[in-house]
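Report on the structure
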Amino acid sequence: MQEDFRLIVDLVFVLVAAATGGVLAGLARQPALLGYIVGGAIVGPTGLGLIKEVIQVETLAQFGAAFLLFALGVEFSFSELKKVQKISLGGGGLQILLTILVTTAISLSVGWVTTPQQGVFLGAILSLSSTAVVLKSLMESNETATPHGQVMLGILVVQDLALGFMLAVLPALDRPVAEIGTAVLQAGVKIGLFAAGATAIGIWVVPRLLRLLASTESRELFLLGIVTLCLGIALITAYLGLSIEMGAFVAGLMISEVEYADQTLAYVEPLRDIFAALFFAAIGMLIDPFFLWENLDLILGLVSIVLIGKFAIITPLVRLFGYPLQTALIAGLGLAQIGEFSFVLASEGRSLGLVSRGVYLLLLGTTAVTLVITPFILRLIPSLFNWIESVPALDRWFQPGEPPLEVSEHVPLEPPIVICGYGRTGQNLATLLAEQNIPVVVVDQSEAAIQKLREGGIPYIYGNAVSIPVLTRAGLDRARAMVIALPDAMSTRLCLKHALEISPDLDIVVRANQYQDIELLYQLGGSEVVQPEFEASLEMASHLLVKIGLPTIQIQRQVKAIRNSHYLELRPEGAIGEMSQDIQAATLGMNRRWYRLSVTSQLLGNSIASASIRPLTGATIVVIKREDGTQIDYPNGGTIFQLGDSCLVIGSIEEQAMFEQLTKGEIMIPVLPSSLESVKEVIVE
């Protein structure tokens, strides 16, 4: 068979395996990249052996890492880098140095290596974390803009930059110290010259080039131009001895400050996703299941050492730079793996004779295992913190010892509207409310956001919106209303829960980043849950219907009905049927328990509203299963408890205990004169 046609066949096998693995992973509610890795392992040389030319597939797979880093650069931008420049440069640099020093000392003492140079090489490999895996996991969970996401990405950028130094110094490791110093100096000069050239091109060349491409009004030419720019700069960095991925990232940064950044990202995303699947499948092809099995004990031991060691180094460093313990722990757990670029270092070290074949295979196996388990670790983090929150002895360590880091001078005396999160939504809300002379207080922990608030003279609290002391300092107990516009689901849920603990009757409007979160946020106590994509659809449809000539009152009535139904008409087909699965997924990281109502329970015959479940206990009922098998997902206040009901309740250990006491009659339900009318109103609604 001709070699070029063989490559086509290999690519088809890889893409089919990646697609199949991705679909199966999706059905199992796991990250798609795990499916890609497993698919690659199955069709690879050590699996079914369907792939004959691994080196060619791996070469093409490098496009996946390049496009991932390019898209990250377009989204990240210089302004984003400034938010985490201290932890990325200082913390990232210290993390690499500490990992190398600790690894060298341990490996020499236990006899893993025979020379300090080999220890340094091994430490360099272990110091790198996986930009591609962490970035993909953060994107899938919509957490790239969170504080821990920004910290992890900032450290990863520095690690990728350090890869250029490592590759430059590697050939000189077995030479005198003077030659190693010369190699480091040469690498520094190369990076400095490249940075200066990239800055000049980004200011004077790239904007004009993109305007020229856009003026052609051809999607094909625009895409071709930006891909050429990305890969061209990547080749320049490769020629300078730096990584291709670093060049792609810099190319993205050049475009990030231009007005065509969003258009660029929209065009590149399909390419990025396809080649990223190829990249992760190529990683899977490096996995040798038989070698892993034969050396399982040793590899599991090495994996444990890597996870614990990197966590123990990164977590204190992030904490040292002033970040909350929760952010530090998430960053430590999220970066506790060996990166895919370590394959490049390991391969280069093998060719230079720095490691034996056996050690090389152990490194590959350990790296592959840590890459596979990283998405699972990141998905389990919400469960970990919900468990910590339910244990008072542990939870107090996560509450800041002082109120917020900084409080603006001009805090309004009259009851304000508290806005948590100063992204685009928060900025727009603050502007609109200020035009009506309505006092606001903004809570955010991004330095860039706080700087905007300082410049605009808007009252702010510099702190974590999830923290009860921070919310208290924001005046939540006297606030008129509250808006939660945080970037990730976990922070949104915790912020809502803690806000209602401070002010149970507060009117809270919550932004749901995904439609699967809508019902749960309502159940947790949100007065109004807004989904941006659905709201945009409603506004566009309203405009078109007015132009067509439909009566305005009819349009408003229809829009109100859709909002009152929690956007049910706009959700994807099958979303209603999958509601039970969404509940299980959404509450997986929360403290939950099933309770069956006995014949003596005082809840029988009462509704959720009349029993005052949340005011009395703080817990939330998200599912009720009837004795006849009927299941009520997200019951409302008018749902009546019946004999034999089983209730899925979420809440802390104390809240669960209070709910159990309520069901047993140890806590009496208050009898209010208006309670019956309130229930009737809820049922009518």
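Up top you'll find the structure we're talking about.
Here goes a summary of the coordinates provided. (Residues numbered from 1 in each chain as written. Predicted model: local features only at pLDDT ≥ 70, side-chain atom pairs only at ≥ 80, totals over all residues. Heavy atoms only, no water.)

**Concerning the overall build of the chain**
Going by this rule: A run of H or I in DSSP counts as a helix once it spans at least four residues, and a run of E counts as a strand once it spans at least two, with each numbered from the N terminus. Partly exposed residues are those whose accessible area sits between 20% and 50% of the maximum for their type, while under 20% is buried and over 50% is exposed, using a 1.4 Å probe and protein chains only. Note on contacts: a residue pair is in contact if any heavy atoms of the two residues lie within 4.5 Å. Only the protein chains shown count as cover for residues, and all accessible areas are computed by the Shrake-Rupley method using a 1.4 Å probe.
From N to C terminus, the chain includes 29 helices and 11 strands. Scored against the burial criterion, the 685 residues of the chain give a buried share of 50%. Across the chain, contacts joining residues at least 24 apart in sequence account for 72% of those joining residues at least 6 apart. By element, 62% of the accessible surface of the chain is carried by carbon and sulfur atoms, the whole surface being about 31900 Å².

**Some details on unusual backbone geometry**
The phi angle at Glu217 is positive, at roughly 55 degrees, despite the residue not being glycine. Mapped onto the elements of the fold, Glu217 is located in the loop between α9 (206-215) and α10 (219-239). Using a relative accessible area of 74% as the deciding quantity, one classes Glu217 as exposed. Positive phi outside glycine occurs at Ser612, with the angle close to 50 degrees. Here Ser612 shows up in the loop between β8 (592-596) and α27 (613-617).

**Considering the packing of aromatic side chains**
The condition that has to hold: Aromatic rings from Phe, Tyr and Trp, with only the six-membered ring used for Trp, were paired whenever their centres fell within 6.5 Å, and each pair was classed as stacked if the ring planes differed by under 30 degrees, edge-to-face if by over 60, and tilted otherwise.
Inspection of every chain in the model, using the stated rule, returns 7 aromatic pairs. Taking the centre distance of 5.5 Å and the plane angle of 55 degrees together, the rings of Phe63 and Phe275 count as tilted. Taken together, the residues Phe63 in helix α3 (residues 54-83) and Phe275 in helix α12 (residues 261-285) connect sequence positions 212 residues apart. Grouped by ring-pair contacts, the aromatic residues Phe63, Phe67 and Phe275 constitute a single cluster.

**Concerning the pattern of salt bridges**
Worth spelling out the cut-off: Criterion for a salt bridge: a side-chain nitrogen of Lys or Arg within 4 Å of a carboxyl oxygen of Asp or Glu.
Per the counting criterion, the structure on display carries 8 salt bridges. We note a salt bridge from Lys497 to Glu655, for which the minimum N-O separation is 3.3 Å. Taken together, the positions of Lys497 in helix α22 (residues 489-502) and Glu655 in helix α28 (residues 653-664) put the pair 158 residues apart, joining distant regions of the chain. Just as Lys497 is buried, Glu655 falls in that class too. Salt-bridge contacts for Glu660 lead to Arg593; the nearest nitrogen and oxygen are separated by 3.6 Å. Here Arg593 lies in strand β8 and Glu660 lies in helix α28, a separation of 67 residues in the sequence. Residue Arg593 is classed as partly exposed on the basis of its relative accessible area, which comes to 41%. One salt-bridge network, held together by shared partners, links Lys497, Glu501 and Glu655.

**Considering the sheet that holds strand β9 (residues 620-625)**
Under the convention used in this document: Pairing between two strands is assigned when DSSP locates at least 2 bridges connecting them. Interaxial angle, 0 to 180 degrees, is taken between N-to-C directions of lines fitted to C-alpha atoms, where a helix line uses only the stretch in contact.
Read across the open sheet, the 4 strands follow the order β8-β11-β9-β10; overall the sheet is antiparallel. One side of each edge strand has no neighbouring strand; the edge strands of this open sheet are β8 and β10 (631-633). Pairs of neighbouring strands in the sheet enclose a mean axial angle of 25 degrees, with direction left out of account. Bridging between β9 and β10 involves 3 bridges; their strand directions are antiparallel. Of the residues in β10, the one forming a bridge with Val623 is Asp633.

**Remarks on the environment of Leu378**
For Leu378, the location among the structural elements is in helix α17 (residues 357-390). Taking relative accessible area as the criterion, Leu378 reaches 16% and is therefore assigned buried. With 47 residues separating them along the chain, Leu378 and Ala331 place their C-alpha atoms 9.7 Å apart. Excluding its chain neighbours within four sequence positions, the residues that come into contact with Leu378 are Ser137 and Gly334.

**Comments concerning the packing of helix α2 (residues 32-43) against α12**
As a reminder, the rule being used: Angles below 35 degrees are treated as roughly parallel, those above 145 as roughly antiparallel, those between 65 and 115 as roughly perpendicular, and all remaining angles as oblique. Put simply, a crossing is left-handed when the front helix is turned counterclockwise from the back one by less than a right angle, and right-handed when it is turned clockwise. Following the grouping adopted for this structure description, the nonpolar residues are Ala, Val, Leu, Ile, Met, Phe, Trp, Tyr, Cys and Pro, the charged ones are Asp, Glu, Lys and Arg, and the polar ones are all others, Gly among them.
One way to put it is that α2 packs onto α12 with a least axis distance of 6 Å and a crossing angle of 50 degrees. Classed by the angle they form, the pair α2 and α12 counts as oblique. In this structure, α2 meets α12 at a crossing whose hand is right-handed. Along its contact with α2, which presents Leu33, Tyr36, Ile37, Gly40 and Ala41, the element α12 presents Ala277, Phe280, Ala281, Gly284 and Met285. Class assignment for the residues of the contact of α2 with α12 results in 8 nonpolar, 2 polar and no charged.

**Regarding the pairing of strand β11 (residues 646-650)**
The element β11 is extensively covered by neighbouring structure, given that 5 of its 5 residues are classed as buried. Along β11, one buried face is formed by Ser646, Leu648 and Ile650 and the opposite face, lined by Cys647 and Val649, is buried too. When β8 meets β11, the two strands line up antiparallel, connected through 5 bridges. Each bridged residue has a counterpart across the sheet, and for Tyr595 the counterpart in β11 is Cys647. Strand direction decides the pairing type here: β9 and β11, joined by 5 bridges, are antiparallel. Bridge pairing in β11 links Lys625 to Ser646.

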